[in-house]
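Read off the chains here:
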Amino acid sequence: MTGLAIMNNKGGVAKTITSVNLAYALSRRNIKTLLVDMDGQANATSNLGGIKEGEPTIYDVLFRSTTIVDAIKETQYDKLYLLPSSDEFLSASAILRQEELVPPQMYLRHAIKGDLDDFTFVIYDCPPSLDVLTANVLNVADYVIIPSLAADSSIQGILRVLNAMKKANLIRMIGIKLMGVLLTRAKERLLVTQHNIEQIRTLDVPLFRTYIRDTTRVAQSESMHMPVMAYDPSCSASKDYAALCEEVLQFLVGGI
Ligand SMILES: Nc1ncnc2c1ncn2[C@@H]1O[C@H](COP(=O)(O)OP(=O)(O)OP(=O)(O)O)[C@@H](O)[C@H]1O
Ligand SMILES: [Mg+2]
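Caption draft 1: Structural detail: the overall build of the protein chain. Looking only at helices and strands, the protein chain has 12 helices and seven strands in total. Radius of gyration (C-alpha) of the protein chain: 17 Å, near the 18 Å computed for a compact globule of 256 residues. Principal-axis analysis of the C-alpha atoms places the extent of the protein chain at approximately 50 × 40 × 35 Å. Counting all 256 residues of the protein chain, 45% fall into the buried class.

Caption draft 2: Main features of the nonpolar core. Judged by nonpolar contacts, the single largest core of 78 residues is most densely connected at Ala-5, Ile-123, Tyr-124 and Val-144. Discounting chain neighbours no more than four positions away, the residues touching Ala-5 are Tyr-124, Cys-126, Val-137, Leu-138, Ala-141 and Val-144.

Caption draft 3: Spotlight on the site of ligand 1. Taken together, 20 residues sit near ligand 1, with Gly-11, Lys-15, Thr-16, Ile-17 and Pro-128 positioned nearest. Those elements giving two or more residues to the shell around ligand 1 turn out to be helix H1 (15-28) and helix H10 (216-223). Along the lines of polarity and charge, the residues of the shell around ligand 1 split into eight nonpolar, seven polar and five charged.

Caption draft 4: Examining the pairing of strand E7 (residues 177-184) more closely. Summarising burial for E7: six of the eight residues are buried, a large majority. Across seven bridges, the pairing between strand E6 (residues 143-149) and E7 is parallel. Bridge pairing in E7 places Ile-145 opposite Gly-180. The parallel pair E6 and E7, bridged by helix H8 (residues 156-169), forms a crossover whose chirality is right-handed.

Caption draft 5: Here's a closer look at the sheet that holds E7. Strand order in the open sheet made by the seven strands is E3-E4-E2-E5-E1-E6-E7, with mixed pairing throughout. In this open sheet, the two edge strands, each paired with only one partner strand, are strand E3 (73-74) and E7. Against the sheet, H1 touches strand E1 (2-6), strand E2 (33-37), strand E4 (80-83), strand E5 (121-125), E6 and E7, its axis set at about 165 degrees to E5.

Caption draft 6: Inspection of unusual backbone geometry at higher detail. Non-glycine residue Ala-14 carries a positive phi angle of around 85 degrees. If you trace the backbone, Ala-14 turns up in the loop between E1 and H1. A count of 23 C-beta atoms within 10 Å places Ala-14 in the buried class. A positive phi angle is found at Arg-185, which is not glycine, with a value near 55 degrees. In this fold, Arg-185 is placed in the loop between E7 and helix H9 (194-201).

Caption draft 7: Quick peek at the environment of Leu-26. Within the secondary structure, Leu-26 sits in helix H1. The spacing of Leu-26 and Ile-51 is 25 residues in sequence and 22 Å in space, taken between C-alpha atoms. Ignoring anything within four residues of it in the chain, the contact list for Leu-26 reads Ile-31, Thr-33, Phe-121 and Cys-245.

Caption draft 8: Main features of the pairing of E2. Burial within E2 is extensive, with five of its five residues counted as buried. With burial as the criterion, each face of E2 is covered, one bearing Thr-33, Leu-35 and Asp-37 and the other bearing Leu-34 and Val-36.

Caption draft 9: Layout of H8. Taking 1.5 Å of rise per residue, 14 residues should cover 20 Å, and H8 covers 20 Å from first to last C-alpha, within 8% of that figure. Those residues of H8 lying buried are Gly-157, Ile-158, Val-161, Ala-164, Met-165 and Ala-168. When H8 is viewed along its axis, its buried side chains cluster within an angular range of 125 degrees and face the same direction. Counted as exposed and oriented over 90 degrees from the buried face of H8: Gln-156, Leu-159, Asn-163, Lys-166 and Lys-167. On its buried side, H8 packs onto helix H7 (132-138), E6, E7 and H9.

Caption draft 10: Geometry of the environment of Ala-150. Structurally, Ala-150 can be placed in the loop between E6 and H8. Here the alpha-carbon distance between Ala-150 and Leu-96, two residues 54 residues apart in the chain, equals 34 Å.

Caption draft 11: Quick peek at the packing of H1 against helix H12 (residues 236-251). The contact between H1 and H12 brings their axes to 9 Å, and the two run at 70 degrees. Looking at the two axes, H1 sits roughly perpendicular to H12. Crossing geometry of H1 relative to H12 is assigned as right-handed. Where H1 approaches H12, its residues Asn-21, Leu-22, Ala-25 and Leu-26 are matched on the opposing element by Tyr-241, Ala-242, Leu-244, Cys-245 and Val-248. Looking at the contact of H1 with H12, its residues break down into eight nonpolar, one polar and no charged.

Cut-offs used in this document
- Residues numbered from 1 in each chain as written.
- Chains lettered and ligands numbered in written order.
- Predicted model: local features only at pLDDT ≥ 70, side-chain atom pairs only at ≥ 80, totals over all residues.
- Helix = DSSP H or I, 4+ residues; strand = E, 2+ residues; numbered from the N terminus.
- Rg over C-alpha atoms; globule rule 2.2 N^0.38 Å.
- Buried ≥ 20, exposed ≤ 12 C-beta atoms within 10 Å, placed from the backbone.
- Core = buried A, V, L, I, M, F, W, Y, C linked by C-beta atoms within 7 Å.
- Contact = placed C-beta atoms within 7 Å.
- Near = placed C-beta within 6 Å.
- Nonpolar A, V, L, I, M, F, W, Y, C, P; charged D, E, K, R; others polar.
- Pairing = 2+ DSSP bridges.
- Right-handed = clockwise from strand over helix to strand, strands pointing away.
- Axes fitted to C-alpha atoms, helices over the stretch in contact; angles between N-to-C directions.
- Expected span 1.5 Å × (residues − 1).
- Arc of directions from axis to C-beta.
- Parallel < 35°, antiparallel > 145°, perpendicular 65-115°, else oblique.
- Left-handed = near helix turned anticlockwise from the far one by under 90°.

And the structure:
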């Protein structure tokens with residue numbers, strides 16, 4: 001099992017769209033994949049069709065006695081599974097911060113135990129913050145992917161994630177690694193400015209060859225509660241996410 005955390009404390013950089021479509025693309029390759037929605041906004045859950053009243057969520061797994069296996073649901077797509085979230089989970093960080101007995105950054109690890117080994121990939125859609133909830137993901141994932149807006153030359157968000165990874169690695173036996181920065185919402189090829197890429201290069205971090213183009217098809221797919229790759233497989237973003245999936249698999253060749 002390989003755990004991928006899609007992380008950036010900046011909001012609206014396409015963490016959720018990337019999580020959902022990378023998970024979907026892997027499942028289309030016949031690879032058993034679980035998407036874990038770690039965000040109380042529950043956009044990934046909604047993008048994969050939502051949940052019915054009373055269905056268990058990540059909240060029940062972390063704070064009630066539901067086992068992780070019982071909370072995982074099948075989606076309408078073969079090989080793609082979801083551990084959903086709901087707005088109840090918006091209080092998760094506050095609850096964890098009040099914890100006095102169990103290390104608050106270890107809840108997810110305790111909940112998972114070895115129970116996700118059946119999945120080839122587990123993808124964590126993180127909330128736009130680098131707090132104790134994100135620390136829980138940094139304690140269980142193997143790699144981080146940092147989506148970053150193609151038009152935004154600010155590297156602050158990337159630096160913050162790198163710093164959080166460094167801290168998490170102080171208590172990990174095998175460190176979490178950066179797979180790469182992913183440029184998202186690129187308006188046109190030319191607008192992915194060399195300047196922005198140069199800025200990222202100064203950090204000496206890997207940058208995915210693939211970047212994700214901006215298309216109105218993404219918002220449309222969200223309103224249909226579908227991954228854009230399922231909604232319109234031939235649009236630019238769908239092709240880009242398919243290419244990203246190949247790049248991720250190539251990166252891991254020999255590792256899975
Ligand atoms: N390739 C794209 N083309 C057009 N719009 C996009 C694309 N990717 C994402 N978006 C839009 O950008 C917005 C933010 O995307 P998304 O929800 O994935 O970001 P996020 O980083 O998960 O946000 P948050 O920090 O709130 O969790 C959404 O409205 C989505 O429709
Ligand atoms: Mg999101």
